[in-house]
Every structure is written in C-alpha cells, then in structure tokens.
Amino acid sequence: MVVANRYAAQSRIFLRQAYEELEQGDLHQASEKGWGAAAQIVKAVAEEQGLDHGGHVELYAVVRHLRTEFGIDDLMALFQTAGHLHFNFYEGVLDGDEVSDSLNRVSEFVDHMRPLLSGE
C-alpha cells in the first residue's frame, strides 16, 4: 500500500509538471512527464493488485487487464496516447496543440485509474 501511494503521488506530481512544462514551451519534457504520470498511476494500481509492472510490456498488460476487468472501454486508447507522448520525448514530432490534447487525454486516463486505488 505504501508503494502504491508513492506511485500515485508521483503521478500527480508528473501531471502537474507536464502542464507547467507545456506552458513554458518545453514540449519534450511535457511529453515525458505526461508519460510518467500515466505509467506511475498504472504502477500504483498494479502494485495494489499484485500485478507485475516492471517494464513497458508489463504496463500495457496491466492496462489491458484493467480494461477487461472493470469494463473501461477507452482505457487502452487513453494509455496509448501516453505512449505517443513517450515517443515524442525522443522524436519531437508533436506540436504544442498535439501535446496539449495528449496531456488532456492522459489526465482523463489518470482520472479513470484513481478510483481503482483503495486510497484515492
């Protein structure tokens, strides 16, 4: 539970920082913080449920599992948006509006995930 809480708290921090970086025009860092916010909330839920969350493949498996278990149809599509932000950190292909839209979708993803945590 303590580890899950730490991951959830880090998700909130990363999401706040993502919007701050976006406002400052640092699209690379905004993108990576968006990915981090999504990844950390997945780790939080995975930790509580005893699911492996050691790498990218495992994170996608957790989201796939949660989508099925809780019937949240758009969960994977929202998480894939976070994956695109992660890609953007390395490739820099998204413009400011695209990063902004993607961060909003990551925020929606995090909002779907928080109720799955016992302490949220």
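Report follows, based on the coordinates.

Definitions and limits used
- Every chain begins its residue count from 1, and numbering advances along the sequence as written.
- Restriction of local features to residues with pLDDT of at least 70 applies here, the model being predicted, together with a cutoff of 80 or more for giving and counting side-chain atom pairs; totals for whole chains, interfaces and linings are based on all residues.
- By convention in this description, side-chain values take in all heavy atoms of the structure and omit both hydrogens and water.
- Numbering of helices and strands runs from the N terminus; a helix is a DSSP stretch of H or I covering at least four residues, while a strand is a stretch of E covering at least two.
- Each helix should span, by expectation, one fewer than its residue count multiplied by 1.5 Å.
- For the exposure calls, accessible area comes from a 1.4 Å probe over protein chains only, and a residue counts as buried if that area is under 20% of its type's maximum, exposed if over 50%, partly exposed in between.
- Helix axes use the C-alpha atoms of the stretch in contact, all axes being lines fitted to C-alpha atoms, and the angles between their N-to-C directions lie in the range 0 to 180 degrees.
- Oblique is the label for every angle not falling under 35 degrees (roughly parallel), over 145 degrees (roughly antiparallel), or within 65 to 115 degrees (roughly perpendicular).
- Helix crossings fall into two classes, left-handed where the near helix is turned counterclockwise from the far one by less than a right angle and right-handed where it is turned clockwise.
- Contacts are assigned to residue pairs that have any heavy atoms within 4.5 Å of one another.
- Only Asp, Glu, Lys and Arg are considered charged in this grouping, and only Ala, Val, Leu, Ile, Met, Phe, Trp, Tyr, Cys and Pro are considered nonpolar; every other residue, Gly among them, is considered polar.

1. Concerning helix α4 (residues 75–91)
Then, number 1: Look at α4: 25 Å from first C-alpha to last across 17 residues, which is about the 24 Å you get at 1.5 Å a residue.
Then, number 2: Here α4 has its buried residues at Leu75, Met76, Leu78, Phe79, Thr81, Ala82, Gly83, Leu85, His86 and Asn88.
Then, number 3: Following α4 by one or two positions, glycine 92 has its phi on the positive side, about 60°.

2. Regarding the packing of helix α2 (residues 27–49) against helix α5 (residues 96–113)
Then, number 1: Two elements in contact, α2 and α5, have axes whose closest approach is 10 Å; the angle formed by their N-to-C orientations is 15°. In terms of axis orientation, α2 runs roughly parallel to α5. In this structure, α2 meets α5 at a crossing whose hand is left-handed. Contact residues: Leu27, Ala30, Ser31, Gly34, Ala37, Ala38, Ile41, Val42 and Val45 in α2; Gly96, Val99, Leu103, Val106, Phe109, Val110 and Met113 in α5.
Then, number 2: Looking at the contact of α2 with α5, its residues break down into 13 nonpolar, three polar and no charged.

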